[in-house]
Amino acid sequence: MDKSAEEKSISHLIDFSVQDVNDFAPRDDKYDLVLAEGGLLSFLGRDKGLEMISPFLKERGWLAFSDLVLLTDESKVPKEVLQVYDNN
């Protein structure tokens, strides 16, 4: 459990699961929010990534994602890396 959630007495409302989406089967009770950190959707491609994550979400659930490589000045990122991340 996340210590901050315990301190705020909300740990019973949160399921902290850190797993590879390729090895994680959707549960019967889906999530209100899924966080995809570190560029998963860019690496897989947006369409494939969304297709893989959608079974984990409740209807009208939320997906939040970050793409860490694109938080960097693009001029400092090698062209080959940008191509992997679907950057035009």
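Below is a summary of the structure that appears in this document. All figures in this text were calculated on a predicted structure; none of them were measured in a lab.

### Things to note about the overall build of the chain
Thinking step 1. Per the secondary structure count, the chain includes four helices and two strands.
Thinking step 2. N-terminal to C-terminal, the α/β element order of the chain is α-β-α-α-β-α.
Thinking step 3. When burial is assessed residue by residue, the chain has 24% of its 88 residues classed as buried.
Thinking step 4. Partitioning the intrachain contacts of the chain with sequence separation of at least 6 by distance along the chain shows that 56% fall at a separation of at least 24.
Thinking step 5. As presented, the chain carries roughly 6,900 Å² of accessible surface, and 52% of it is formed by carbon and sulfur atoms.

### Considering the environment of Asp 29
Thinking step 1. Locating Asp 29 in the fold gives a position in the loop between α1 (3–7) and β1 (31–36).
Thinking step 2. Given a relative accessible area of 48%, Asp 29 falls into the partly exposed group.
Thinking step 3. As a C-alpha pair, Asp 29 and Lys 58 span 29 residues in sequence and 8.0 Å in three-dimensional space.

### Some details on the nonpolar core
Thinking step 1. In terms of nonpolar packing, the biggest core is built from seven residues, these being Tyr 31, Val 34, Ala 36, Leu 41, Ile 53, Phe 56 and Leu 57.
Thinking step 2. In terms of residue count, β1 provides more of this core than any other element does, three residues in total.
Thinking step 3. In contact with Leu 41, other than residues within four places in its own chain, are Arg 46, Gly 49, Leu 50, Ile 53, Leu 63 and Phe 65.

### Some remarks on unusual backbone geometry
Thinking step 1. Even without being glycine, Ser 9 reaches a positive phi, approximately 60 degrees.
Thinking step 2. One can find Ser 9 in the loop between α1 and β1.

### Considering the pattern of salt bridges
Thinking step 1. Enumeration over the complete set of coordinates arrives at one salt bridge.
Thinking step 2. Residue Asp 32 is joined to Lys 58 by a salt bridge in which the shortest nitrogen-to-oxygen separation is 3.3 Å. Separated by 26 residues along the polypeptide, Asp 32 in strand β1 and Lys 58 in strand β2 (residues 57–65) bring together distant segments of the chain.

### Let's talk about a nonpolar patch on the surface
Thinking step 1. A surface patch of nonpolar side chains, about 380 Å² in accessible area, is lined by Leu 33, Leu 35 and Trp 62.
Thinking step 2. For Leu 33, the position within the fold is in strand β1.

Calculation notes
- Residues numbered from 1 in each chain as written.
- Predicted model: local features only at pLDDT ≥ 70, side-chain atom pairs only at ≥ 80, totals over all residues.
- Heavy atoms only, no water.
- Helix = DSSP H or I, 4+ residues; strand = E, 2+ residues; numbered from the N terminus.
- Buried < 20%, exposed > 50% of the residue type's maximum accessible area, 1.4 Å probe, protein only.
- Contact = heavy atoms within 4.5 Å.
- Areas by Shrake-Rupley, 256 points an atom, 1.4 Å probe, with all protein chains shown as cover.
- Core = buried A, V, L, I, M, F, W, Y, C linked by side-chain atoms within 4.5 Å.
- Salt bridge = Lys/Arg side-chain N within 4 Å of Asp/Glu carboxyl O.
- Patch = residues over 30% accessible without salt bridge, like charges linked within 9 Å, V, L, I, M, F, W, Y side chains within 5 Å.

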